[in-house]
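This is what each chain is made of:
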Amino acid sequence: QVQLVESGGGLVQPGGSLRLSCAASGGTFSDYAMGWFRQAPGKEREFVAGIKWTGSYTYYADSVQGRFTIARDNAKNTVSLQMNSLKPEDTAAYYCAASRRRFREYSDYANINGYGVWGQGTQVTVSS
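The following paragraphs examine the structure supplied in this document. All residue numbers refer to positions counted from 1 along the written sequence of the respective chain. Where totals are concerned, whole chains, interfaces and linings use all residues; where local detail is concerned, this predicted model gives features only for residues with pLDDT of at least 70, and gives and counts side-chain atom pairs only at 80 or more. Neither water nor hydrogens contribute to the side-chain values; these are computed over all heavy atoms in the structure.

### A few points about empty space enclosed by the protein
Using only the protein atoms, space was sampled on a 1 Å grid; points where a 1.4 Å probe fits but cannot get out form cavities, open sets with protein on both sides within 12 Å along at least five of seven lines form pockets, and lining residues are those with an atom within 4 Å of a point. Grid points are joined across faces, edges and corners, and a volume is the space filled by probe spheres set on the points. Scanning the entire structure with this criterion turns up one cavity of 30 Å³ or more. In this model, the largest cavity occupies a volume close to 30 Å³. If you trace the largest cavity, you find it lined by Ala33, Lys52, Trp53, Arg101, Arg102, Phe103 and Tyr109. Among the residues forming the lining of the largest cavity, the class breakdown is four nonpolar, no polar and three charged. Gly falls in the polar group here, along with every residue not listed as nonpolar (Ala, Val, Leu, Ile, Met, Phe, Trp, Tyr, Cys, Pro) or charged (Asp, Glu, Lys, Arg).

See below:
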């Protein structure tokens, strides 16, 4: 199965942008649905965005809809999360995750238990 490594986190001012990347290795990347999750201190890990193995369907949490964009490049084995108009409440550790299940709808992508592979996370801090 794939291994995942996230990068691109950092400190950004409110209203700013960051682009997270997740590089996959060791498996057939296009076999996997991909998701981004985040976890703030003292809170449970929550769904942010998901993308079908083809890249043709994307799903977003209401809290990030219209500000974040998930994309994948199966030729480069990467999935990205472009984050714009960042808010202090976006501060969290961000994780990418992979699943070989054939997700069908939003609830599948948002279900943390549906993913079998996780990266180590990258920290995003939104503060002035």
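Having seen the model, we can carry on.
### Some details on the state of the cysteines
Sulfur atoms of two cysteines make up a disulfide when they are within 2.5 Å. For the coordinates displayed, the defined rule picks out one disulfide. A disulfide bridge connects Cys22 with Cys96, and the sulfur atoms are separated by 2.0 Å. Taking the torsion about the sulfur-sulfur bond, which here is approximately 45°, the covalent link between Cys22 and Cys96 counts as right-handed. Pair noted here: Cys22 is in strand E3 (residues 18-25) and Cys96 is in strand E9 (residues 92-99), with a separation of 74 residues, a long-range link. Elements are defined by DSSP. Helices are runs of H or I of four residues or more, strands are runs of E of two residues or more, and each kind is numbered from the N terminus.

### Considerations on the packing of aromatic side chains
Only the six-membered ring of Trp is used, alongside the rings of Phe and Tyr, when aromatic pairs are assigned; centres must lie within 6.5 Å, and planes under 30 degrees apart are stacked while those over 60 apart are edge-to-face, with the rest tilted. One pass over the full model with this rule turns up eight aromatic pairs. With centroids separated by 4.5 Å and ring planes inclined at 20°, the aromatic side chains of Tyr59 and Tyr109 adopt a geometry described as stacked. Residue Tyr59 is located in strand E6 (residues 58-60), and its partner Tyr109 is located in helix H1 (residues 106-110); the two are separated by 50 residues in the primary sequence. The class of Tyr109 is buried, set by a relative accessible area of 1%. Relative accessibility thresholds used throughout: buried, under 20% of the residue-type maximum; exposed, over 50%; partly exposed, between the two (1.4 Å probe, protein chains only).

### Let's talk about the sheet that holds strand E1 (residues 3-7)
Any two strands are treated as partners once DSSP identifies two or more bridges connecting them. Strand order in this open sheet of four strands is E1-E3-E8-E7, and the pairing throughout is antiparallel. Strands at the two margins of the open sheet, each flanked by one partner only, are E1 and strand E7 (68-73). In this sheet, neighbouring strand axes are inclined to one another by 15° on average, regardless of whether the strands run parallel or antiparallel. Here six bridges tie E7 to strand E8 (residues 78-83), and the two strands are oriented antiparallel to one another. The residue bridging Phe68 from the neighbouring strand is Met83, located in E8. Axes here refer to lines fitted to C-alpha atoms; in helices the fit is confined to the stretch in contact. Angles between the N-to-C directions go from 0 to 180 degrees.

### Some words on the side chain of Ser80
Topologically, Ser80 is positioned in strand E8. Under the relative-accessibility criterion, Ser80 is labelled buried at 9%. Setting aside residues no more than four positions away along its own chain, Ser80 makes contact with Arg19, Leu20, Ser21, Trp36, Thr69, Ile70 and Ala71. We call two residues in contact whenever any of their non-hydrogen atoms come within 4.5 Å of each other.

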